[in-house]
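Structural overview
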Amino acid sequence: VGLESEVAKLLASSDPLVQIQPNQPYAELWMGTHPRGDAIIRDNRIPQKTLGQWIADNPACLGVKVKEAFQGHLPFLFKVLSVNTALSIQAHPNKELAAKLHTQFPEHYPDANHKPEMAIALTPFEGLCGFRPVEEIVSFLQSQTPVPPSLPVAGSGWGRCSLPSVTPGFCAAAEGKDTSGSNGDLLLRLHSQYPGDIGCFTIYFLNLVRLEPGEAMFLGANEPHAYLNGDCVECMACSDNTVRAGLTPKFIDVLTLCEMLNYTPAPSSSKIFPAAQSQLDPSIYLYDPPVPDFAIMRIEIPSSIKLYLVSAVDSASILLVIQGTAVGTSTAAASEMTLRRGSVLFISANESISLHLSSPDGMLLFRACCLL
């Protein structure tokens, strides 16, 4: 809440006229063209009011490949999240299931797109991601000691998790190495016995993943997950489709979730997605997930550099300033741009930005783009 939130801090830094309310939660900052949160253009010399409207009138800004592949739409949604209360246990459908769910239940699934996503920690960050190795699940079920033992949650607390009637069956299945269906069977049996919110049970069999700043998690289709606490930059396909299992007052769709989930067990260490340092520019660390919709660059400009070129790429991109100040110039911009913490720039395909740094500690930037 208030200025405890990284989202609120970025907002306050970027716009001195914004007044942060001390008791109001500031949870998500959206940067993109999704209909539920089309970004507002702050340059009053531009007739279009939102980024979506401007791209519709200037589709060449996307780049030839992206324009053709994504039918003239920006394919990603860029966010900053500040998590103080555990978010819902959820997964995201693949494109085929998303189209089906949108047709059947448009009030719950607002578009027909998939929603692979990546979270990169800005502060120490915790989340649940993917099923634990079966041996760990059995151990936690038998001891009935969830890890961590308590978390602030929006739905029900972890303390109500009691599994005496389902543990023997699951453990027997695990001993028989029937790992393909045992997790799904357990979820369905939990749902039949506790027809409401089963999310609190999931702590027993999902990996607890801890990220340090700069570390990332990639969440593909059908990957069960929840964000627990911390601040992160997040990028995803341009969708708001979420299948929820619990820990939320929102619509819970357990049966769909149980049918779609990836139940392959894996250790928590395998859920950390590595970044590759660029050989051409050592300031750039690239997170390039196995989906065409987006990639993210973390740009760390050291204090020794006073002039830095944000190089052109052949797709549109969105640049977010996390730390530092600079004056930006570009052949596409009518005037100089003052960039500070929280500033957000839309950069058309094949355009570059020259940054004249004025901060003594360098700069930290994140850039979302589409590298087809």
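Before reading on, note that the structure itself is shown above.
Below is a short write-up of the structure. (Residues numbered from 1 in each chain as written. Predicted model: local features only at pLDDT ≥ 70, side-chain atom pairs only at ≥ 80, totals over all residues. Heavy atoms only, no water.)

Another aspect to go through is the overall build of the protein. Along the backbone of the protein there are 8 helices and 20 strands. Relative to its full complement of 372 residues, the protein shows a buried share of 52%. Across the protein, contacts joining residues at least 24 apart in sequence account for 75% of those joining residues at least 6 apart. A total accessible area of about 16,400 Å² is found for the protein, and carbon and sulfur atoms account for 54% of it. (Helix = DSSP H or I, 4+ residues; strand = E, 2+ residues; numbered from the N terminus. Buried < 20%, exposed > 50% of the residue type's maximum accessible area, 1.4 Å probe, protein only. Contact = heavy atoms within 4.5 Å. Areas by Shrake-Rupley, 256 points an atom, 1.4 Å probe, with all protein chains shown as cover.)

This brings us to the pairing of strand β19 (residues 353-357). The side-chain alternation of β19 yields one buried face, formed by Ile353, Leu355 and Leu357, and one unburied face, formed by Ser354 and His356. Across 4 bridges, the pairing between strand β14 (residues 307-310) and β19 is antiparallel. Directly across from tyrosine 308, in β19, lies its bridge partner leucine 355. (Pairing = 2+ DSSP bridges.)

With a phi angle near 70°, asparagine 222 is a residue other than glycine that sits in the positive phi range. Looking at the element boundaries, asparagine 222 is found in the loop between β7 (216-219) and β8 (225-237). Given the relative accessible area of 15%, asparagine 222 is considered buried. The phi torsion at asparagine 350 lies on the positive side, around 65°, for a residue other than glycine. Residue classification places asparagine 350 among the exposed residues on the basis of a relative accessible area of 56%.

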